[in-house]
Amino acid sequence: EAGVTQFPSHSVIEKGQTVTLRCDPISGHDNLYWYRRVMGKEIKFLLHFVKESKQDESGMPNNRFLAERTGGTYSTLKVQPAELEDSGVYFCASSLSHTNRYGYTFGSGTRLTVV
Amino acid sequence: SQQGEEDPQALSIQEGENATMNCSYKTSINNLQWYRQNSGRGLVHLILIRSNEREKHSGRLRVTLDTSKKSSSLLITASRAADTASYFCATAYSGGGADGLTFGKGTHLIIQP
């Protein structure tokens, strides 16, 4: 089966611009998660979708970040306007069930650089 | 210290040797997971151990969990050059709150051929 796909793999934008990241989960996976890792820090949870609903968005850093999952398939994460501290790697993960025993399948990530 | 904190931060060993990485955490957990990340790639799930389990094996991997000490260890036996990667532990919190996993900063493992 195809894994979790993220694109773009890299994005370089200027401060103040808008960037939209996309994640295609494994087909049939209702649960979709966004994480990010800023330079030198831990990988941090951002939010969790169950189908098209936001189950938990407690990790979203501020209102410049907007995540959507229309139709419960792919998800987008928009940063508007981007700031320098938003630079990092954004990972998406999906799973069949939230409390699964097999862990989550992660994508390769989008490396975002804000200059 | 951070939840899901690994040590050492970096480890370099010879091919064929065993590699041991440790992870400590602070809260009550549902399960603890180990992931591997090769350079520039995504996180790959290695193994999950539940809070009521003490040890688990998968191929050359052995994971232990000590909930009384809030710690876990990952042992890779007979290491290979392909095991060179960063290894992260991640905990799933059991007390409600955020749905996400809490990751540590990772251990960077280098296997010298």
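Before reading further, recall that the structure is shown in the block above.
The structure presented is a predicted model; accordingly, all values stated were derived computationally and were not measured.

Caption draft 1: Structural detail: the overall build of chain A. A count of helices and strands for chain A gives 0 helices and 11 strands. In chain A, the succession of α and β elements from N to C terminus is β-β-β-β-β-β-β-β-β-β-β. The C-alpha atoms of chain A give 13 Å as radius of gyration, which agrees with the globular expectation for 115 residues (13 Å, within 12%). Projected onto its principal axes, the C-alpha coordinates of chain A cover approximately 40 × 25 × 20 Å. By residue count, 47% of the 115 residues in chain A fall in the buried class. Considering only contacts within chain A whose residues lie at least 6 apart along the sequence, 52% involve residues at least 24 apart. Total accessible area computed for chain A in this model is approximately 5,700 Å², and 49% of it derives from carbon and sulfur atoms. Within chain A, the 12 negative side-chain charges are centred at a point lying 3 Å from the centre of the 13 positive side-chain charges.

Caption draft 2: Up close: the overall build of chain B. A count of helical and extended segments in chain B gives 0 helices and 11 strands. Relative to the globule expectation of 13 Å for 113 residues, the C-alpha radius of gyration of chain B, 13 Å, shows essentially globular dimensions. Projected onto the principal axes, the alpha-carbon positions of chain B cover approximately 45 × 30 × 25 Å. Within chain B, the fraction of its 113 residues that count as buried is 43%. Of the contacts made within chain B by residues no fewer than 6 positions apart, 56% connect residues no fewer than 24 positions apart. A total accessible area of about 5,300 Å² is found for chain B, and carbon and sulfur atoms account for 43% of it. One way to put it: in chain B the 12 positive side-chain charges average out to a point 4 Å from where the 10 negative ones average out.

Caption draft 3: A look at the pairing of strand 4 (residues 31–37) of chain A. Residues and elements named next belong to chain A. Most of strand 4 sits out of view: 6 of its 7 residues are buried. In this antiparallel pair of consecutive strands, strand 4 and strand 5 (residues 43–50), the connection spans 5 residues, and Gly40 shows a positive phi of 75°. One ladder, built from 7 bridges, connects strand 4 with strand 9 (residues 88–95); its direction is antiparallel. Residue pairing in the sheet places Tyr33 in a bridge with Ala93 of strand 9.

Caption draft 4: Layout of the side chain of A:Asp86. Residues and elements named next belong to chain A. Locating Asp86 in the fold gives a position in the loop between strand 8 (75–79) and strand 9. Take Asp86: its relative accessible area is 1%, and that puts it in the buried class. Among the polar contacts made by the side chain of Asp86, one reaches the main-chain amide nitrogen of Glu83 at a distance of 2.7 Å. Setting aside its immediate chain neighbours within four residues, Asp86 contacts Arg36, Arg64, Phe65, Val79, Pro81, Leu112 and Val114.

Caption draft 5: Structural view of the sheet that holds strand 7 (residues 65–68) of chain A. Residues and elements named next belong to chain A. Sheet architecture is open: 4 strands sit in the order 1-3-8-7, paired in antiparallel fashion. Whereas interior strands pair on both sides, the edge strands pair on one side only; in this sheet they are strand 1 (5–7) and strand 7. Strand-to-strand twist in this sheet, taken as the mean axis angle between neighbours without regard to direction, amounts to 15°. With 5 bridges joining them, strand 3 (residues 19–24) and strand 8 adopt antiparallel strand pairing. Each residue of the ladder has a partner; that of Leu21, found in strand 8, is Leu77.

Caption draft 6: Expanded view of the state of the cysteines. Tallied over the entire structure, the rule returns 2 disulfides over all chains. Paired by a disulfide, A:Cys23 and A:Cys92 hold their sulfur atoms 1.8 Å apart. Classification of the bridge connecting A:Cys23 and A:Cys92 rests on its S-S torsion, roughly -65°, and on that basis the disulfide is left-handed. Of this pair, A:Cys23 sits in strand 3 while A:Cys92 sits in strand 9; the two residues are 69 residues apart in sequence, bridging distant segments of the chain. This pair shows no difference in class: A:Cys23 is buried, exactly as A:Cys92 is. With a sulfur-sulfur separation of 2.0 Å, B:Cys23 is cross-linked through a disulfide to B:Cys89.

Criteria and thresholds
Residues numbered from 1 in each chain as written. Chains lettered and ligands numbered in written order. Predicted model: local features only at pLDDT ≥ 70, side-chain atom pairs only at ≥ 80, totals over all residues. Heavy atoms only, no water. Helix = DSSP H or I, 4+ residues; strand = E, 2+ residues; numbered from the N terminus. Rg over C-alpha atoms; globule rule 2.2 N^0.38 Å. Buried < 20%, exposed > 50% of the residue type's maximum accessible area, 1.4 Å probe, protein only. Contact = heavy atoms within 4.5 Å. Areas by Shrake-Rupley, 256 points an atom, 1.4 Å probe, with all protein chains shown as cover. Lys, Arg positive; Asp, Glu negative; His and termini not counted. Charge placed at Lys NZ, Arg CZ, Asp CG, Glu CD. Pairing = 2+ DSSP bridges. Polar contact = N/O pair within 3.5 Å; in protein donor to acceptor, adjacent residues only side chain to side chain. Axes fitted to C-alpha atoms, helices over the stretch in contact; angles between N-to-C directions. Disulfide = S-S within 2.5 Å.

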